[in-house]
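# An overview of the molecular structure
One letter stands for each residue in the lines below.
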Amino acid sequence: MTRLAKFMNPWRVFLTVLFMAVQVAGMLAMPTLTANIIDFGVAEGNVDYIIRTGFYMLGFTLLTILSALLNVYFAAKESQGLGNTLRKKIYRMVIFFTNDELDKFGTSTLITRSTNDIMQIQFVMMMVLRIMTLSPLLIIGAGTMAYTREPQLAFVFIITIPVLAALIWFILHFSGPLFKSMQKKTDRLNRVFREGLTGIRVIRAFNKDEYERERFDEANWDFAQTSIKANTVMAFMMPSMVLAVSVTNILIIWFGSQLVSTGDMQVGNMVAFMTYAMQILIGVMNVSMVLFFLPRGQVSAERVLEVLDTQNTIEDPEQAKHLKDTSNVSLRFDNVSFRYHGAEKSALENIDFTLNKGERLAIIGGTGSGKTTLANLIPRLYDVERGQIKVNGVDVRDVEQGELRRLIGFAPQKALLFSGTIRENMKYGKPEATDEEIWHALEVAQGKDFVSGLPKGLDSRVEQGGGNFSGGQRQRLSIARALVTKADILVFDDSFSALDFKTDARLREALKPDTQDAAVVIIAQRISTVIDADQIIVLDQGTIVGQGTHEELKTNNPIYQEIMESQLKGEDI
Ligand SMILES: Nc1ncnc2c1ncn2[C@@H]1O[C@H](COP(=O)(O)OP(=O)(O)OP(=O)(O)O)[C@@H](O)[C@H]1O
């Protein structure tokens, strides 16, 4: 938690502590004023004194309330501000994470860390800022006041504080592991719930509704049981506190009344002593609670800092080069090899090709042959292990990522759209794109007809992930989004797979005049998609096993022939 200090505002922390100190001073003054009113006002029948002290008490009460409010205000502002800063920082980090870092963490843990863990930090920070400053001050202050008022009664604390501390320890000792297991069970509950929601179609198709319901019920019941147990144990906290306060009061009254009867102590002092005793015991209880929650905040802080401390493996060079000659675009893979982080085998081995302006390169291969990996290397989503990727003759690692990616239009394998309107999605890579440009891109991507058929056209809503469109429609929108950028290098990663053969053919035909000045990479599993490419690369287990035109490969490449035979009848091609 201490490492979080650098994200905090020192002025707000100072004001929190300052108002807390004023609040404590007010709280400590009250029992003394009560004692005085009893001993010098009531006992001596001094009405003036009672009224004057009554006003002082009112003043101190107002001061205490005001400073308590300001303390809570600044503590809440600080803890919420800390949460806000951490969330912002995590988001900014994650958005620049390379695929390597994203693979290392996984999306769901990044979501949990930026929501649950930060909320836990906020909660603990609020407790620390309020209770951890209030309680020690209160314990020391009330202890000193009580002792100076009546040293003969101070021995009471030697009995009651250890008893209360032991009771609290006992409760926390049993509830601690239960709360810990509750966190794990919450994770499980979330996982089952998430799986159930995302897999709802599969669940229905396999008629597994009942099975999934039982799985959820079981996780839910398990969580509820642990929660009940933990809270039952915690329920002993308040009675223990009441017990400790009552025992203290009994002891104070028992011994105090003897001192009063012998004239060694005044009644008011006894009342004040009882109030100080209660303040001390509440302080002890609160400190124990904070000490209980602190380790949880610590774990969350570590999980959040782990993300913030992550060094991006892909960084911009200090002396960046520029992709000057954009009029004559080229893409070159120079003996490129790549291995995923922690993988034993290379995903790509010695990939070598050159693609020039106006040319179309198709990459075909079976599942897991490395096609998507190759596509991801072009915009530098990963860095090569060996070899070089050059755009316009410059190594992509020598160029700023922003400059490189502005040159590339990318339609990923999973056609992901963002919630918003179709227009907003189309403008994603080129915010200044006109409606005319968008409609043209949609026409090329064979999406104009269905978009213009929608009642609101370009203003039609796109749900999260594009869930309100069919797979084929999503792909066409994703292709159009890439085309709107009018990029020099266009990469279509299996983007035509959900299109029927006719639409696929029409799209590729429409693409030709539109991409005359671009270098186009088309990744596909279907022979019909790659048939008219200027150059085809056949990938198998990460290596190039064939390179040439369709006519060349058709006659001399056994793997290409194999793919062809499995998909089409030879005589049709
Ligand atoms: N993030 C990753 N971490 C580790 N290994 C990966 C990762 N992504 C892919 N791989 C592995 O790299 C190899 C190539 O995968 P890739 O996704 O490039 O294949 P692909 O040809 O695009 O397959 P498909 O046609 O099924 O999409 C596979 O063996 C795969 O298991």
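Preceding this paragraph is the structure being described.
Nothing here was measured: the structure is a model prediction, and the numbers come from that model.

Parameters at a glance
- Residues numbered from 1 in each chain as written.
- Predicted model: local features only at pLDDT ≥ 70, side-chain atom pairs only at ≥ 80, totals over all residues.
- Helix = DSSP H or I, 4+ residues; strand = E, 2+ residues; numbered from the N terminus.
- Buried ≥ 20, exposed ≤ 12 C-beta atoms within 10 Å, placed from the backbone.
- Contact = placed C-beta atoms within 7 Å.
- Pairing = 2+ DSSP bridges.
- Axes fitted to C-alpha atoms, helices over the stretch in contact; angles between N-to-C directions.
- Near = placed C-beta within 6 Å.
- Nonpolar A, V, L, I, M, F, W, Y, C, P; charged D, E, K, R; others polar.
- Arc of directions from axis to C-beta.
- Parallel < 35°, antiparallel > 145°, perpendicular 65-115°, else oblique.
- Left-handed = near helix turned anticlockwise from the far one by under 90°.

### Considering the overall build of the chain
Each helix and strand in the chain was counted, giving 19 helices and 12 strands. The burial tally for the chain puts 32% of its 573 residues in the buried class. Summarising the internal contacts of the chain: among those between residues at least 6 apart in sequence, 79% fall at separations of at least 24.

### Concerning the sheet that holds strand S3 (residues 360–365)
Where strands meet in a sheet, backbone hydrogen bonds hold them as pairs that are either parallel or antiparallel. Spatially, the 6 strands line up as an open sheet ordered S6-S9-S10-S3-S11-S12, and their pairing is mixed. The strands lining the two open edges of the sheet, one partner per strand, are strand S6 (408–411) and strand S12 (543–548). Geometrically, the sheet is characterised by an average inter-axis angle of 15° between neighbouring strands, direction not taken into account. Strand direction decides the pairing type here: S3 and strand S11 (residues 535–540), joined by 5 bridges, are parallel. If you follow Gly 365 over to S11, its bridge partner there is Leu 539. Running over the sheet, helix H15 (residues 471–484) touches S6 and strand S9 (489–493) and is turned about 175° from S6.

### Overview of the site of the ligand
Taken together, 13 residues lie around the ligand, and Tyr 340, Thr 367, Lys 371, Thr 372 and Thr 373 are the ones closest in. Residue contributions to the shell around the ligand peak at 3 residues, all from helix H10 (residues 371–377). Considered class by class, the residues forming the shell around the ligand number 3 nonpolar, 8 polar and 2 charged.

### Considerations on helix H13 (residues 435–444)
Of all the positions in H13, only Ile 438, Ala 441, Leu 442 and Val 444 are classed as buried. The arc that holds the buried residues of H13, viewed along the axis, is 160°, so those residues lie on one side. Structural note: H13 exposes Asp 435 and Glu 436 on the side pointing more than 90 degrees away from its buried face. Residues of H13 that are buried sit in contact with helix H12 (422–426), helix H14 (448–452), H15 and helix H16 (501–514). Looking one or two places after H13, you find Gln 446, whose phi comes out positive at around 60°.

### Observations concerning the packing of helix H5 (residues 155–198) against helix H7 (residues 209–234)
The N-to-C vectors of H5 and H7 enclose an angle of 160°; their axes lie 8 Å apart at closest approach. One way to sum up the angle between H5 and H7 is to call them roughly antiparallel. The element H5 and its partner H7 pack so that their crossing is left-handed. Split into classes, the residues belonging to the contact of H5 with H7 amount to 14 nonpolar, 7 polar and 6 charged.

Functional significance is not addressed by these values, which are geometric in nature.
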